[in-house]
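Summary of structural features
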Amino acid sequence: MTRRGSRTPTVGFVSLGCPKAASDAEQILTRLRAEGYEISGSHAGADLVVVNTCGFIDAAVEESLDAIAEALAENGKVIVTGCLGAKKDAAGNDVVRVAHPKVLAVTGPHALQEVMDAVHLHLPPLHDPFVDLVPAQGIRLTPDHYAYLKISEGCNHRCSFCIIPSLRGDLVSRPIGEVLREAEILADAGVRELLVISQDTSAYGVDVKYRTGFWGGRPVKTRLYELCDELGKLGLWVRLHYVYPYPSVDDLMPLMAEGKILPYLDVPFQHASQRILKLMKRPASAEKVLDRIAAWRKAVPELTIRSTFITGFPGETEAEFNELLDFLDEARLDRVGAFSYSPVDGASANKLPGALPESVREERKARLLRHQEDISTQRLERKIGRRITVLVDDIDEDGAVARSEGDAPDIDGLVYITDGHALEIGELAEVSVIDCDVHDLYATLAVATD
Ligand code: SF4
């Protein structure tokens with residue numbers, strides 16, 4: 001490897017995929033900056049390019065392979081990391097290496113050290129680490145006022161439509177002291193909202209048998225309740241994603257009722273038919289979900305529940321799909337996303353009988369989303385006339401764009417504050433809700449007499 005005189009080594013960076021991939025990217029970017037590398041916005045101006053890939057569905061594989069091709073064409077020196085890096089084809093060969101044999105190195109997800117080793121090999125750092133050039137909270141891809149907090153990696157489940165466990169391995173929980181330290185640093189840096197993510201948030205600590213760790217000199221169990229309890233002391237919005245409806249989730253309700261964590265749960269139910277859930281091999285599929293939702297709402301009337309569903313799973317009958325619609329009528333979820341089933345290379349569900357044509361899968365998805373529209377609207381209408389707290393995400397010529405406690409960034413709705421021009425991004429504001437549509441609320445600044 002030749003040195004480039006005294007010029008600062010520069011790395012181009014492309015990150016694709018889900019929040020978990022973004023979190024991996026943040027860790028790599030943080031380490032690169034800590035070691036004195038510049039990050040370049042263009043491939044051409046960089047000494048090499050790192051591409052953080054996604055391998056979840058076929059469209060994501062295509063997008064990742066295209067991003068690698070573009071980096072090779074414009075720069076020539078490319079290190080690949082992320083989920084697609086761990087993916088093999090039917091013959092057992094690396095998908096990335098088969099498509100792009102000229103890449104310098106390929107790693108799977110969550111491979112900070114391997115990526116750094118490859119960077120060091122092909123582009124050594126110029127000087128000793130410039131640790132003081134990096135903000136304590138590291139480099140983040142999110143705006144300054146919210147941040148993802150990844151609490152574990154991998155998953156112990158084997159949902160038949162998913163290949164994440166084969167890409168990311170079994171559940172590995174991060175030590176609770178390390179997670180809380182990261183949260184504290186983020187809070188000190190001005191972050192107002194933490195989005196707790198993992199593949200299975202309810203399972204936090206299962207792999208280490210809820211081992212007792214230490215935080216602030218005190219023993220704290222590696223378990224979701226204790227994590228939420230401690231996060232609740234930081235004075236931030238704490239939002240939970242990817243929570244499965246296990247009985248242990250009931251224990252979190254008092255923390256929500258006391259305002260320690262947000263009254264919000266992102267629970268990917270995926271279906272309502274017991275037969276389909278069994279075929280999907282979903283965690284907690286035998287739980288009495290409607291009873292559980294009713295109990296949660298009784299304990300926390302303000303609770304917002306978000307979920308996602310898959311339509312057109314292999315063998316799904318019209319009656320089973322209607323069961324799902326009936327479930328939506330009863331569950332009255334606040335936010336619903338839907339995916340039409342898409343066979344993912346390597347997923348065991350591909351071998352199930354009764355594959356449905358794409359037209360049926362798509363038509364059911366559209367029908368499900370239409371069916372949910374009235375329910376979502378009615379849930380939002382309950383807020384009209386009320387005063388709520390929002391977190392400001394953006395200011396534009398029409399006012400401020402914010403989110404309520406019931407809105408996660410990117411996936412839920414927004415609160416448009418028509419007279420919010422003077423607010424600041426990252427500010428918490430009190431507003432009065434005046435109107436809504438299916439997804440969003442419209443509000444004005446609350447006045448003292450409200
Ligand atoms: S819970 Fe199921 S869908 Fe989620 S990562 Fe684990 S195996 Fe995949």
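Here's what I pulled together on the structure shown here. Source: prediction; values computed, not measured.

Procedures and definitions
Residues numbered from 1 in each chain as written. Predicted model: local features only at pLDDT ≥ 70, side-chain atom pairs only at ≥ 80, totals over all residues. Heavy atoms only, no water. Axes fitted to C-alpha atoms, helices over the stretch in contact; angles between N-to-C directions. Helix = DSSP H or I, 4+ residues; strand = E, 2+ residues; numbered from the N terminus. Parallel < 35°, antiparallel > 145°, perpendicular 65-115°, else oblique. Left-handed = near helix turned anticlockwise from the far one by under 90°. Contact = heavy atoms within 4.5 Å. Pairing = 2+ DSSP bridges. Near = heavy atom within 4 Å. Nonpolar A, V, L, I, M, F, W, Y, C, P; charged D, E, K, R; others polar. Patch = residues over 30% accessible without salt bridge, like charges linked within 9 Å, V, L, I, M, F, W, Y side chains within 5 Å. Areas by Shrake-Rupley, 256 points an atom, 1.4 Å probe, with all protein chains shown as cover. Salt bridge = Lys/Arg side-chain N within 4 Å of Asp/Glu carboxyl O. Lys, Arg positive; Asp, Glu negative; His and termini not counted. Charge placed at Lys NZ, Arg CZ, Asp CG, Glu CD. Core = buried A, V, L, I, M, F, W, Y, C linked by side-chain atoms within 4.5 Å. Buried < 20%, exposed > 50% of the residue type's maximum accessible area, 1.4 Å probe, protein only. Phe/Tyr/Trp six-rings, centres within 6.5 Å; stacked < 30°, edge-to-face > 60°. Lys NZ or Arg CZ within 6 Å of the ring centre and 35° of its normal. Expected span 1.5 Å × (residues − 1). Bend = angle between axes of the 7 residues up to and from the residue.

**Looking at the packing of helix 1 (residues 19–34) against helix 4 (residues 112–122)**
Following both chains from N to C, one finds helix 1 and helix 4 inclined at 40°, their axes separated by 10 Å at the closest point. What the angle tells us is that helix 1 and helix 4 run oblique. As for how helix 1 packs across helix 4, the hand of that crossing is right-handed. Packed against helix 1, whose contacting residues are Q27, I28, R31 and L32, the element helix 4 presents L112, Q113, V115, M116 and V119 at the interface.

**Digging into the sheet that holds strand 20 (residues 441–445)**
Read around the closed barrel, the 5 strands follow the order 16-17-18-20-19; overall the barrel is mixed. Recorded for the sheet is a direction-independent mean angle of 50° between the axes of neighbouring strands.

**A closer look at the site of the ligand**
If you check the shell around the ligand, you find C155, H157, C159, F161, C162, I164, P165, Q199, Y244 and R282 and nothing else. Across the shell around the ligand, the residue classes break down as 7 nonpolar, 2 polar and 1 charged.

**Details of a negative patch on the surface**
Residues D58, E62, E63, D66, E70, E74 and D345 make up a contiguous surface patch of negative charge. Relative to the elements of secondary structure, D58 occurs in helix 2 (residues 58–74).

**Here we look at the nonpolar core**
Among the nonpolar cores identified, the biggest contains 51 residues, and L265, F327 and L333 are the most heavily contacted of them. Apart from the residues within four sequence positions on either side, L265 is in contact with L240, V243, V249, M253, M256, W296, L303, T304, I305 and R306. By size, the runner-up hydrophobic cluster in this structure holds 17 residues, among which are V51, V61, L84 and V96.

**Considering the packing of aromatic side chains**
This structure, assessed with the given rule, holds 5 aromatic pairs. Ring geometry for F269 and F327: centres 5.8 Å apart, planes at 75°, overall edge-to-face. On the criterion of sequence distance, the pair formed by F269 in the loop between strand 13 (264–266) and helix 9 (274–280) and F327 in helix 11 (residues 318–331) is long-range, its members being 58 residues apart. For the pair F269 and F327, one class covers both residues: buried. The structure contains a cluster of three or more aromatic residues connected by ring pairs, namely F269, F309 and F327. Here the guanidinium or amino end of R239 rests over the ring plane of Y264, the centre of that ring lying 4.6 Å away. One Lys or Arg, R403, reaches over the ring of Y146 and ends 5.2 Å from the middle of that ring.

**Overview of the pattern of salt bridges**
Inspection of the entire model under this criterion finds 28 salt bridges. In this structure, E226 and R223 form a salt bridge, with 2.7 Å as the shortest nitrogen-oxygen distance. Beyond isolated ion pairs, a larger network of salt bridges with shared partners links E316, E318, E363, R364 and R367.

**Regarding unusual backbone geometry**
One non-glycine residue, H110, adopts positive backbone phi at about 55°. Residue placement: H110 occurs in the loop between strand 5 (105–106) and helix 4. Look at Y242: it is not a glycine, yet its phi comes out positive at around 55°. Summarising the element assignment, Y242 is placed in the loop between strand 12 (237–240) and helix 8 (253–257). Overall, Y242 belongs to the partly exposed group, its relative accessible area being 22%.

**Some points on the sheet that holds strand 2 (residues 38–40)**
If you trace the 5 strands from one edge of the open sheet to the other, you get 2-1-3-4-5, paired in parallel fashion. Two strands lie at the open edges of the sheet, namely strand 2 and strand 5, each paired on one side alone. Direction of pairing for strand 1 (residues 10–15) relative to strand 3 (residues 48–53): parallel, over a ladder of 5 bridges. Its bridge partner lying in strand 3, G12 is registered against V49. Helix 1 rests against strand 1, strand 2, strand 3 and strand 4 (78–82) of the sheet, and its axis sits at about 175° to strand 1. Helix-sheet contacts for helix 2 involve strand 1, strand 3 and strand 4, and the interaxial angle to strand 3 is about 180°.

**Some points on the packing of helix 11 against helix 12 (residues 358–381)**
Where helix 11 contacts helix 12, the two axes come as close as 10 Å, and the packing angle between them is 20°. Put simply, helix 11 runs roughly parallel to helix 12. Crossing geometry of helix 11 relative to helix 12 is assigned as right-handed. Residues E318, F321, N322, L324, L325, L328 and D329 of helix 11 lie in contact with helix 12, whose contacting residues are R364, R367, L368, H371, Q372 and I375.

**Quick notes on helix 12**
The first and last C-alpha atoms of helix 12 sit 35 Å apart over 24 residues, in line with the 34 Å expected at 1.5 Å per residue. When the local axis directions of helix 12 are compared, the greatest deviation, roughly 30°, occurs at E373. Within the sequence span of helix 12, burial applies to R361, R364, R367, L368, Q372, I375, S376, T377, R379 and L380. Tucked into the core, helix 12 has its buried residues touching helix 10 (289–299), strand 14 (304–311), helix 11, strand 15 (335–340), strand 19 (428–436) and strand 20.

**Examining the pairing of strand 9 (residues 193–197)**
Here strand 9 lies mainly inside the structure; 5 of its 5 residues are buried. Along strand 9, one buried face is formed by E193, L195 and I197 and the opposite face, lined by L194 and V196, is buried too. Bridge count for strand 6 (residues 146–150) against strand 9 is 5 bridges, and the pairing is parallel. Residue pairing in the sheet places A147 in a bridge with L194 of strand 9.

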